[in-house]
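Each chain, letter by letter, is given below.
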Amino acid sequence: GAGVSQSPSNKVTEKGKDVELRCDPISGHTALYWYRQSLGQGLEFLIYFQGNSAPDKSGLPSDRFSAERTGGSVSTLTIQRTQQEDSAVYLCASSLDSGNLNEQFFGPGTRLTVL
Amino acid sequence: AQRVTQPEKLLSVFKGAPVELKCNYSYSGSPELFWYVQYSRQRLQLLLRHISRESIKGFTADLNKGETSFHLKKPFAQEEDSAMYYCALKPGTASKLTFGTGTRLQVTL
């Protein structure tokens, strides 16, 4: 079946603009995660959804970042008033649920460039 | 807070040579440890996890709680092993993964 998909694959924006990144998880997966990979850095956790609620938002770097998930499926990560330091690859992952034995399956990522 | 350290950014070995990718962690509880791999132009995927105690593509990793390490090993490297490898930790009750900065393995002829 289809894996996790993300759109757009690339996004170039100007500093100060808002951007929306989309994630379509694997059908039936109730847990969804957003990570960020900046140049020279490892993957950094941003936020985790179980169903439509977000029990852990601890990784969101500032209040310019927000995310929502509707219908227990698609999730959108929104970055307002983008800054150059927001440039990174944003990865989405999903798992069957949040239990320890459930593998996280990753999408291809969205490469965000803020000019 | 938990932390994962991968001291090598790049590891270059010859085909047929043994490989060891180092991973050390800090966490006060009982973590679950993983190795993820990203081949060129492919998405990040799970390679193996410590609780499975399995060998995948010839790779093994043993959790050493005394040394807080989870090094990835393979006795004979192959060209197709060239990729980016990430060690990751999942705290006992949390769902998120904490990743290291990754090691690029380059296998040359």
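Refer to the structure presented above.
These figures come from a predicted structure and were not determined experimentally.

The rules we used
Residues numbered from 1 in each chain as written. Chains lettered and ligands numbered in written order. Predicted model: local features only at pLDDT ≥ 70, side-chain atom pairs only at ≥ 80, totals over all residues. Heavy atoms only, no water. Contact = heavy atoms within 4.5 Å. Salt bridge = Lys/Arg side-chain N within 4 Å of Asp/Glu carboxyl O. Polar contact = N/O pair within 3.5 Å; in protein donor to acceptor, adjacent residues only side chain to side chain. Helix = DSSP H or I, 4+ residues; strand = E, 2+ residues; numbered from the N terminus. Pairing = 2+ DSSP bridges. Buried < 20%, exposed > 50% of the residue type's maximum accessible area, 1.4 Å probe, protein only. Core = buried A, V, L, I, M, F, W, Y, C linked by side-chain atoms within 4.5 Å.

The subject of this paragraph is the interface of chain B and chain A. In this complex, chain B contributes 18 residues to the contact, which on the side of chain A involves 23 residues. Where chain B meets chain A, there are one salt bridge. Linking Asp56 of chain A and Lys96 of chain B is a salt bridge whose minimum nitrogen-to-oxygen distance equals 3.9 Å. Inspection of the region where chain B meets chain A yields five residue pairs in polar contact (both at pLDDT 80 or more). Only strand E5 (32-38), strand E6 (45-49) and strand E9 (83-90) of chain B provide two or more residues apiece to the side of chain B that touches chain A.

What follows deals with the pairing of strand E7 (residues 65-69) of chain A. All names here are of chain A. Note: E7 against strand E8 (residues 75-79), five bridges, orientation antiparallel. When the sheet's bridge partners are listed, Ala67 is paired in E8 with Leu77. In this structure, the hairpin formed by E7 and E8 is closed by a connection of five residues, where Gly71 is found at a positive phi of approximately 60°.

If you walk through the whole model with that rule in mind, you get eight salt bridges over all chains. A salt bridge links Asp24 of chain A to Arg22 of chain A; the nearest nitrogen and oxygen atoms lie 2.8 Å apart. The class for Arg22 of chain A is partly exposed, based on a relative accessible area of 38%. Glu20 of chain B serves as the salt-bridge partner of Lys73 of chain B, at 3.7 Å between the closest nitrogen and oxygen. Placement of the pair is Lys73 of chain B in strand E8 (residues 72-74) and Glu20 of chain B in strand E3 (residues 19-21), with a sequence separation of 53 residues. Assessed through its relative accessible area of 29%, Glu20 of chain B is described here as partly exposed. Where salt bridges share partners, they join Glu20, Lys22 and Lys73 of chain B into one cluster.

Moving on to the nonpolar core. Residues and elements named next belong to chain B. Membership of the largest hydrophobic core comes to 24 residues, with the highest contact counts inside it found for Trp35, Leu47, Leu48, Phe70, Leu72 and Tyr85. Contributions of two or more residues to this core are made by strand E2 (10-14), E3, E5, E6, E9 and strand E11 (103-108). Of all the elements, E9 adds the most residues to this core, at four residues. Once residues within four sequence positions are removed from consideration, Leu72 is found in contact with Val19, Glu20, Leu21, Trp35, Leu47, Leu48, Phe59, Thr60, Ala61 and Tyr85.

With that settled, the discussion passes to unusual backbone geometry. Along the chain, Ser7 of chain A connects to Pro8 of chain A via a cis peptide bond; the corresponding omega equals -10°. Mapped onto the elements of the fold, Pro8 of chain A is located in the loop between strand E1 (5-7) and strand E2 (10-13). Phi angles above zero are rare outside glycine, and Arg41 of chain B is one such case at about 65°. Following the sequence through the fold, Arg41 of chain B ends up in the loop between E5 and E6. Positive phi, close to 45°, is recorded for Thr68 of chain B, a residue that is not glycine. Secondary-structure assignment places Thr68 of chain B in the loop between strand E7 (60-61) and E8.

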